[in-house]
Amino acid sequence: IMNLKLALPTLCILPLISYAVAAEEKPAYTASAELGFLYKTGNTKSADVKAGLNLKHEKEKWRTEVAFNILAKKLEKEDDEGNDEFETTDNKWDIVAQTNYTIGEEEKNYLYGNLAYEQDKFSGFESQSSFSAGWGRNWLKNETSSFFADIGPGLTHDVTRATATKASESSSNL
């Protein structure tokens with residue numbers, strides 16, 4: 001009976017112990033999100049909204065990160081009739097994805113591939129995209145800081161915004 005009295009609480013606690021051990025393991029998938037809003041008043045009024053989503057997957061020697069960001073800004077202006085209205089002064093979004101494959105025993109070096117795309121309604125480009133691949137190194141990594149550096153060739157593709165005097169053009173560079 002004494003063994004039965006110890007066995008029952010032990011069986012009840014066992015799932016909690018295994019959960020605590022599993023919680024110490026690093027999760028394969030992590031995600032973070034951000035949302036910011038800024039409203040300013042004074043001589044003029046303006047509003048800014050920024051949002052972002054970051055996803056990361058790590059398994060064995062592979063690490064993949066995807067980041068999506070969006071930014072919108074509006075500024076209060078006076079129209080021809082003297083009425084106040086908000087005018088958009090910035091509107092852009094981007095997405096960046098990078099995959100790393102760790103090489104070497106120290107696990108500080110890696111090979112990478114990176115894709116990026118951006119649309120900014122207030123730049124001289126309809127869109128900008130790039131691809132690069134090469135070697136990277138983890139120079140510093142601790143609980144509070146990290147420093148990674150990548151080097152390698154890349155390719156960009158830019159589409160210029162059409163203007164009153166010039167049609168939209170596409171260009172690629174290595």
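Heads up: these notes are all about the structure in this document.

Basis of the calculations
The numbers attached to residues start from 1 for each chain and follow its sequence in the written order. In view of the model being predicted, local features appear only for residues whose pLDDT reaches at least 70, and side-chain atom pairs are presented and counted only at 80 or more, with totals across whole chains, interfaces and linings using the full set of residues. As a convention, hydrogens and water are excluded, and side-chain values are obtained from all of the structure's heavy atoms. Helical segments are the DSSP runs of H or I of at least four residues, strand segments are the runs of E of at least two, and each set is numbered from the N terminus. In this scheme, a residue with accessible area under 20% of its type's maximum is buried, one over 50% is exposed, and one in between is partly exposed, where area comes from a 1.4 Å probe on protein chains only. Contact definition: two residues touch when any of their heavy atoms are within 4.5 Å. Using the Shrake-Rupley algorithm and a 1.4 Å probe, accessible areas are obtained, with residue cover drawn only from the displayed protein chains. By convention, a stacked pair of Phe, Tyr or Trp rings (six-membered ring in the case of Trp) has centres within 6.5 Å and planes under 30 degrees apart, an edge-to-face pair has planes over 60 apart, and any other such pair is tilted. The definition of a polar contact used here is a pair of N or O atoms within 3.5 Å, where within protein one atom must be able to donate a hydrogen and the other to accept one, and adjacent residues in sequence count solely through side-chain atom pairs. Patches here: salt-bridge-free residues with over 30% relative accessible area, like charges joined within 9 Å, nonpolar side chains (Val, Leu, Ile, Met, Phe, Trp, Tyr) joined within 5 Å. Each salt bridge in this description consists of a side-chain nitrogen of Lys or Arg and a carboxyl oxygen of Asp or Glu lying within 4 Å of one another. Note on charges: Lys and Arg go in the positive column, Asp and Glu in the negative column, and His and the chain ends are not counted at all. Every charge is mapped onto a representative atom, which is NZ of Lys, CZ of Arg, CG of Asp or CD of Glu.

### With respect to the overall build of the protein chain
If you tally the helices and strands in the protein chain, you get 1 helix and 9 strands. By the burial criterion, 15% of the 174 residues in the protein chain qualify as buried. The contacts in the protein chain between residues at least 6 apart in sequence include a share of 40% that link residues at least 24 apart. Within the structure as shown, the protein chain displays about 13100 Å² of accessible surface, and the carbon and sulfur contribution to it stands at 59%.

### Topic: the packing of aromatic side chains
A complete count under the given rule lists 4 aromatic pairs for this structure. The interplanar angle of 55° and the centroid separation of 4.7 Å between the aromatic rings of W62 and Y101 together place this pair among those described as tilted. In this pair, W62 is assigned in strand β3 (residues 62-78) and Y101 in strand β4 (residues 84-103), connecting sequence segments 39 residues apart. The exposure class of W62 is partly exposed, given its relative accessible area of 46%.

### Describing the environment of D120
Secondary-structure assignment places D120 in strand β5 (residues 109-120). Considering only alpha carbons, one finds D120 and L71, 49 residues apart in sequence, at a separation of 9.3 Å. Beyond its immediate stretch of four places on either side in the chain, D120 contacts D90, N91, K92, F125, E126 and R161.

### Here's the deal with the environment of E107
Among the structural elements, E107 can be located in the loop between β4 and β5. For the pair E107 and K61, spaced 46 residues apart in sequence, the C-alpha to C-alpha distance is 8.3 Å.

### Focus on the side chain of N114
By the secondary structure assignment, N114 is in strand β5. Side chain to side chain, N114 and Q98 meet in a polar contact 2.8 Å long. If we skip the residues at most four places from it in the chain, N114 touches V96, A97, Q98, S130, F131 and S132.

### Looking at a negative patch on the surface
A surface patch of negative charge is lined by E78, D80, E81, D84, E85 and E87. Here the negative patch gets 3 residues from one element, more than from any other, and that element is β4. Within the fold, E81 resides in the loop between β3 and β4. On the accessibility criterion, E81 (68% relative accessible area) is exposed.

### With respect to unusual backbone geometry
Although it is not a glycine, E60 sits at a positive phi angle of roughly 50°. For E60, a relative accessible area of 77% puts it in the exposed group. The phi angle at E107 is positive, at roughly 60°, despite the residue not being glycine.

### Remarks on the side chain of E76
Assignment of secondary structure puts E76 in strand β3. For the buried E76, no salt bridge exists, and the shortest N-O distance to an oppositely charged side chain is 4.3 Å, to K45. Those residues in contact with E76 that sit more than four places away from it in its chain are K45, D84, E85 and F86.

### Focus on a nonpolar patch on the surface
Residues W62, Y101, L111, W135, W139, L140, F147 and I151 make up a contiguous nonpolar surface patch of about 840 Å² in total accessible area. Per-element tally for the nonpolar patch: the top contributor is strand β6 (residues 125-141), with 3 residues. Position of W139 among the secondary structure elements: in strand β6.

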